[in-house]
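Single-letter residue listing:
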Amino acid sequence: MMKVRRYLRGSGRVLAFVFVASVIWLLFDMAALRISINDVNGQLLKERVIRERETLKQQSRVTQLMKRGFKHPVQRVDPAVTQAGKGLLSSGIKLAQVYRQGGEKQDQMLGDKKFNSFQGDHPPKTDKPKSVLPERKDGLQSLTAKQGVPAQKKAVNLDLNGTKLEKSGVIDSSNVVILPAAASNITRAPPGVQEDKHAPLLTSKRGPIQAGDVVQKADSKTNEKVKGETKSATKAMHPVKTSKPLSKDVKGKEVSNKTEEKLVRAIATGDPNAAKETLKPAMKLRAGDDSKDNSTAVRKPGVHKVVSLDATHVPRDANAVGQFGQAALVSSKEEPEVRKRWDEGHFNVYLSDQIPVDRAIPDTRPDMCAQNLVHDDLPSTSVIFCFVDEVWSTLLRSVHSVLNRSPPHLLKEIILVDDFSTKDNLKEPLDKYMSQFPKVRIIRLKERQGLIRARLAGAAVAKGEVLTFLDSHIECNVGWLEPLLERIYLDRKKVPCPVIEVISDKDMSYMLVDNFQRGIFKWPLVFGWSALPDEYIKKHNMTISDPIRCPVMAGGLFSIDKKYFYELGAYDPGLEVWGGENMEISFKIWMCGGEIEIIPCSRVGHIFRGQNPYKFPKDRQKTVERNLARVAEVWLDEYKDLFYGHGYHHLLDKKVIDIGNLTEQIELRERLKCKSFKWYLETVYPDMDAPLVKAEGLIFNRGLRKCLNLHKGSLFFEICDLSKQSQHFNYTWIRHVRQQDVCVAPQGKGNGFALLLCDNTKAELRWFHKSSNSALGEHLIAEFVSHHMCLEAGPQGDTLRLNPCEPSNAFQKWQFTHYHAQ
Ligand code: UDP
Ligand code: MN
């Protein structure tokens, strides 16, 4: 002992110090070497991926040209989506089924091809030429660029990947069949729903400036302001912005860049606390700088450049399957296994299981996003994932993507709500796995509640100021969180949604989607994507990173201020399992004072599946229809007829379906003093075509060349006279021929018609009628009288009877003055 002490005295101490220092030096050296090898590997691989994608893209274009007419499901553009029930009338098909858009029966009846036309699960993928896609302007936009690794090309053309897989025959086409949209918005994102070319443009219908437009304009200004340095600082600010002014913060930006690097390192070492600590001094520094700069003594909240944090930036295994979001191929030997496991999640589960749960994906944000400034004091969020029998690898990848790409101080917690899953690995093994992440909490529901009530259960225990709901098969991209929280910070009634990108269900590649897409609905409340009209984009001077007003959210991914969520009455808890809840919350948000936005700088990939992989406790189609009917009854006012009239007439019969008690929902709407659905259509979604009746005006009989007249309780023919109100009738969505409350109803016996009080629930009052000149197109066909009977005028004009339908009989042909829909 004494000897040792002696050595540590005088020159011995110096020697010991030199020895320890050399060992430390050596260790540092080795570590540096390893990092640089990793970097080089990563860089090489990224370059290879980019090259491969470029080649594939070229091939893809050629393949597409060759396969004229072929469209990847995500690019499908099919007018059928906008024309439910139209043009499908044929003798062999039951009318009631035709009008009931989608459904399994119809599926079988019409074949899968037909169904694809109603359906689509993804937002449209981009197929624009490379030059149209954003190019990076400098090397400082993200950590990737900053560290000298070439920025990955953002143009990721995935068709090709899909095509490749199909060619190699990995997936049996029967496995990828997409079910009908109807029952309804199968995965809430029919891809092919694009702008109806014939629909009036946003501006043409309602004059030059609309209330909604003003808000949009103001919003884009707000956003410009957030961008700070790139846009003029003299622009007028949005009212909600004035209380939270932004300042240019050059120092802040420098700090921000360094902070990002530190954060990545801290998170990569798996120490979220270290990450949190790393951020703290930086934040303080920025705040201090701000107050010093501020000579007027009004303290401005600090801002910083969006943290492009990505702990997977240098992946552990750069050569792993699916790394960097690239398409993965499966050999033909593995096909049976792929097929076997497909149904576990209705995507390529076999492949997913081979891809690292923390894989890197390309930063697909528009260039300017990484330069945007956001406030230092953004609210924290609880991220809520609900799942039922989710595939292990996708669930983990979802969670890791949040942990790895969210600034730790903004991520309060991740709540996993297990909606009574049956898979064993989602029980103890999941508990065990997640126990290594202190921020992850799992709550288990004691019985199957469905997505809506599962989300409510998650929200009920959430501690963050903001709730962020995500599906359990997603991958959050770099910088996804702050842009969402920033919008809520600016206005708590804003409900921001990320751009939902596509993770291929076949090859698990991460795909970029088109710009300027917003969520919309078509009748009968079918969700879809639609590009903003060019005129609108020009008029509002929009850039690809500006928030986009969104009439309907896709549903799976959004952030909302927690208090505001409850002020809105959260979700209608009477909605079952899945479906319609995105409509409900969207109408509620807009009509009761909020706004839904898509934030192009926030991007999250999602696996769109052709089918729900989990069981519905009751019939799937009936469940979704019932949910939609609840939404229609509470929110659609007189427009609910359009919903029922697009294939859901059967829901009007209360004997067929019990949609449950709506008192609370109706009271909520009154209490919140929400605006009308008419207001919503005019202000939020003015390009939606929503005529309240299918046809109106005089009813002209072609054979007789006279019009029907209803006067003092009797119906007779007269010379047509537009000025006479007694000759005016409506043909409604419920298929009534109606004047005020009186319906001209078909009768099997006697006169052939009766004048009855209209009642939407009574099917026997309905007539089929179209404006087209197809066979029986102009006839009034009694819907519930057997053997297709048609309304026929007597040749003298003194009788009106039901006779067997004859296509060419002019006395059976009726014409309304105006047709608003077929
Ligand atoms: N989900 C749930 N309970 C249900 C149905 C769905 O927890 O009864 C979860 C599901 O696991 C997923 C989310 O809700 O994380 C959305 O469902 P899905 O992905 O099937 O909807 P889609 O994306 O197809 O619209
Ligand atoms: Mn989903």
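Each chain carries its own residue numbering, running from 1 in the written order of its sequence. Here chains are named by letter from A upward and ligands by number from 1 upward, in the order in which they appear as written. At least 70 in pLDDT is required for a residue's local features to be given in this predicted model, at least 80 for side-chain atom pairs to be given and counted, and no such filter applies to totals for whole chains, interfaces and linings, which use all residues. Heavy atoms throughout the structure, all of them, feed into the side-chain values; hydrogens and water do not.

Undergrad: Could you clarify how one ought to interpret the environment of R603 in this entry?
TA: On the secondary structure map, R603 appears in strand β14 (residues 595-607). Any N or O atom pair separated by 3.5 Å or less is treated as a polar contact, with the protein-specific requirement of one donor-capable and one acceptor-capable atom, and with residues adjacent in sequence counted only for side-chain atom pairs. Here T364 takes part through its backbone oxygen, which lies 3.4 Å from a polar atom of the side chain of R603. The secondary structure listing takes helices from DSSP runs of H or I that are at least 4 residues long and strands from runs of E that are at least 2 residues long, numbered from the N terminus.

Undergrad: Looking at this structure, how should I read the pairing of strand β11 (residues 526-531)?
TA: Side chains on a regular strand alternate between the two faces of the sheet. Buried residues are those whose accessible area, probed at 1.4 Å on protein chains only, stays under 20% of the maximum for their type, while exposed residues exceed 50% and partly exposed ones sit between those limits. Burial runs high along β11: five of the six residues are buried. Being paired, for any two strands, means DSSP has found at least two bridges between them. Direction of pairing for strand β10 (residues 517-522) relative to β11: antiparallel, over a ladder of six bridges. By the bridge assignment for β11, K522 is matched with V526. In this structure, the hairpin formed by β10 and β11 is closed by a connection of three residues, where L525 is found at a positive phi of approximately 55°.

Undergrad: Explain the sheet that holds strand β13 (residues 558-561) here, please?
TA: Hydrogen bonds along the backbone pair up the strands of a sheet, which may run parallel or antiparallel. The mixed open sheet is built from five strands, whose spatial order is β5-β4-β3-β6-β13. Of all the strands in the sheet, the pair left with one neighbour each is β5 (440-444) and β13. Neighbour-to-neighbour, the strand axes of this sheet turn through a mean angle of 25°, independent of strand direction. The sheet contact formed by strand β3 (residues 381-387) and strand β6 (residues 466-470) spans five bridges and is parallel. Helix axes are fitted only over the stretch in contact, all axes being lines through C-alpha atoms; the angle between N-to-C directions runs from 0 to 180 degrees.

Undergrad: Explain the confidence of the model for the protein chain here, please?
TA: Low pLDDT means the predicted atomic positions in that stretch should not be read closely. On a range of 0 to 100, pLDDT expresses the predictor's confidence in each residue. Per-chain confidence: the protein chain averages 74 in pLDDT, with 64% of residues scoring 70 or above. When checking whether two residues touch, look at their non-hydrogen atoms; a contact exists if any pair is within 4.5 Å. The model gives residues 35-42 a pLDDT under 50, and that stretch makes four contacts with residues more than four places away or in other chains. Counting interchain partners and residues more than four positions distant, the pLDDT-below-50 stretch residues 279-297 has 27 contacts.

Undergrad: I keep staring at the pairing of strand β8 (residues 494-503) and nothing clicks. Help me out?
TA: Counting buried residues along β8, 10 of its 10 residues qualify, which places the element largely inside the surrounding structure. Across 10 bridges, the pairing between β8 and β14 is parallel. When the sheet's bridge partners are listed, P496 is paired in β14 with E597. Sheet analysis places β8 next to strand β9 (residues 510-511), joined by two bridges and oriented antiparallel. Its bridge partner being in β9, V502 is matched across the sheet by M511. Between the antiparallel neighbours β8 and β9 lie six residues, among them M508 with a positive phi of about 65°.

Undergrad: Could you clarify how one ought to interpret empty space enclosed by the protein in this entry?
TA: Unfilled space is identified by rolling a water-sized probe across the atoms. In the cavity and pocket records, a cavity denotes points on a 1 Å grid over the protein atoms alone where a 1.4 Å probe fits but cannot get out, a pocket denotes an open set with protein on both sides within 12 Å along at least 5 of 7 lines, and lining residues are residues with an atom within 4 Å of a point. Grid points are joined across faces, edges and corners, and a volume is the space filled by probe spheres set on the points. This structure, assessed with the given rule, holds 17 cavities of 30 Å³ or more. Its boundaries defined by the atoms lining it, the largest cavity holds a volume of some 360 Å³. For the largest cavity, the lining is made up of 32 residues, of which D471, H473, W578, R609 and Y614 are closest to its centre. Top element by residues in the lining of the largest cavity is helix α15 (residues 450-461). It accounts for four residues. Ten residue types, Ala, Val, Leu, Ile, Met, Phe, Trp, Tyr, Cys and Pro, are classed as nonpolar, four, Asp, Glu, Lys and Arg, as charged, and the remainder, Gly among them, as polar. Among the residues making up the lining of the largest cavity, the classes are represented as 15 nonpolar, eight polar and nine charged.

Undergrad: Mind showing me how you'd approach the packing of aromatic side chains here?
TA: Only Phe, Tyr and Trp rings take part, Trp by its six-membered ring, and two of them pair if their centres are within 6.5 Å. Stacked means planes under 30 degrees apart, edge-to-face means over 60, and tilted covers everything else. Taken as a whole and judged by the stated rule, the model has 22 aromatic pairs. Their ring planes at 70° and their centres at 5.5 Å tell us that F521 and Y685 sit as a pair that is edge-to-face. Of this pair, F521 sits in strand β10 while Y685 sits in the loop between α23 (677-683) and β15 (693-701); the two residues are 164 residues apart in sequence, bridging distant segments of the chain. For F521, a relative accessible area of 0% puts it in the buried group. When the ring of F565 is compared with that of Y566, the centres are 5.4 Å apart and the planes differ by 70°; the resulting orientation is edge-to-face. Classification of F565 by relative accessible area gives buried; the value is 0%. Accessibility expressed as a relative area gives 40% for Y566, which makes it partly exposed. When the ring centre of W679 is taken as reference, the NZ or CZ atom of K675 above it lies at 4.5 Å. Should the NZ of a Lys or the CZ of an Arg lie within 6 Å of a ring centre and within 35 degrees of the ring normal, that charge is described as sitting over the ring.

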